[in-house]
Amino acid sequence: QVQLVESGGGSVQPGGSLRLSCTASGNSARIDIMGWYRHSPGKQRELVAVIGLGGTTKYADFVKGRFTISKDNVKNTMYLQMNSLNIEDTAVYYCNLKRGASIASIREFWGQGTQVTVSP
């Protein structure tokens, strides 16, 4: 069973920065896509950014130019560097992993979530 351990959330003022980390247990697979999602009160959970095993990235429009997703494949750890944070970024951020030997065998795993609060 894969476990995802997150860290790095907290409180920051608008314009500030935070860095989230997520470490996955187990070995990488042929399909290994990690990502960050967030959930704000009153909203549905939304994709923030994803990164593939080869380093391909995809960002939600609302974070482009502000957030950077990266991954250390040796440490099996994903990072989300968040700059120029604004109040609308306040949410619980969840680490996500989609892993499998093939598309048909992909399993999805979630971290416990880490709170990010942006307030004056």
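One structure accompanies this document, and this report is about it.

Pairs may arise between side chains of opposite charge once their charged atoms sit close together. Within this structure, the stated rule accounts for seven salt bridges. A salt bridge links R99 to D32, with the nearest nitrogen and oxygen atoms 2.5 Å apart. Of the two residues, R99 is situated in strand β9 (residues 91-100) and D32 in strand β4 (residues 31-39); the sequence distance between them amounts to 67 residues. Ionic pairing is found between E108 and K98, a salt bridge with its closest N-O pair at 3.2 Å. Here the residue E108 occupies a position in strand β10 (residues 107-110), and K98 occupies one in strand β9, the gap between them amounting to ten residues. In this structure, a network of salt bridges that share partners links the residues R38, E46, R66 and D89.

Formally, a disulfide is one covalent bond, and it connects the sulfur atom of one cysteine to the sulfur atom of another. A full pass over the atoms with the stated rule returns one disulfide. C22 shares a disulfide with C95; S-S distance 1.9 Å. Because the sign of the S-S torsion sets the handedness, a value of about -75° for the bond joining C22 and C95 places this disulfide among the left-handed ones. With a gap of 73 residues between them, C22 in strand β3 (residues 18-24) and C95 in strand β9 connect regions that are remote in the sequence. A relative accessible area of 0% means that C95 is categorised as buried.

Counting through the fold element by element, M34 comes out in strand β4. A residue is classified by how much of its surface remains accessible, and M34, at 0% relative accessible area, is buried. Separated by 65 residues in the primary sequence, M34 and R99 have C-alpha atoms spaced 8.5 Å apart. Ignoring anything within four residues of it in the chain, the contact list for M34 reads L4, C22, A24, A49, V50, I51, I69, K71, M78, C95, N96 and L97.

Parameters and conventions
Residues numbered from 1 in each chain as written. Predicted model: local features only at pLDDT ≥ 70, side-chain atom pairs only at ≥ 80, totals over all residues. Heavy atoms only, no water. Salt bridge = Lys/Arg side-chain N within 4 Å of Asp/Glu carboxyl O. Helix = DSSP H or I, 4+ residues; strand = E, 2+ residues; numbered from the N terminus. Disulfide = S-S within 2.5 Å. Buried < 20%, exposed > 50% of the residue type's maximum accessible area, 1.4 Å probe, protein only. Contact = heavy atoms within 4.5 Å.

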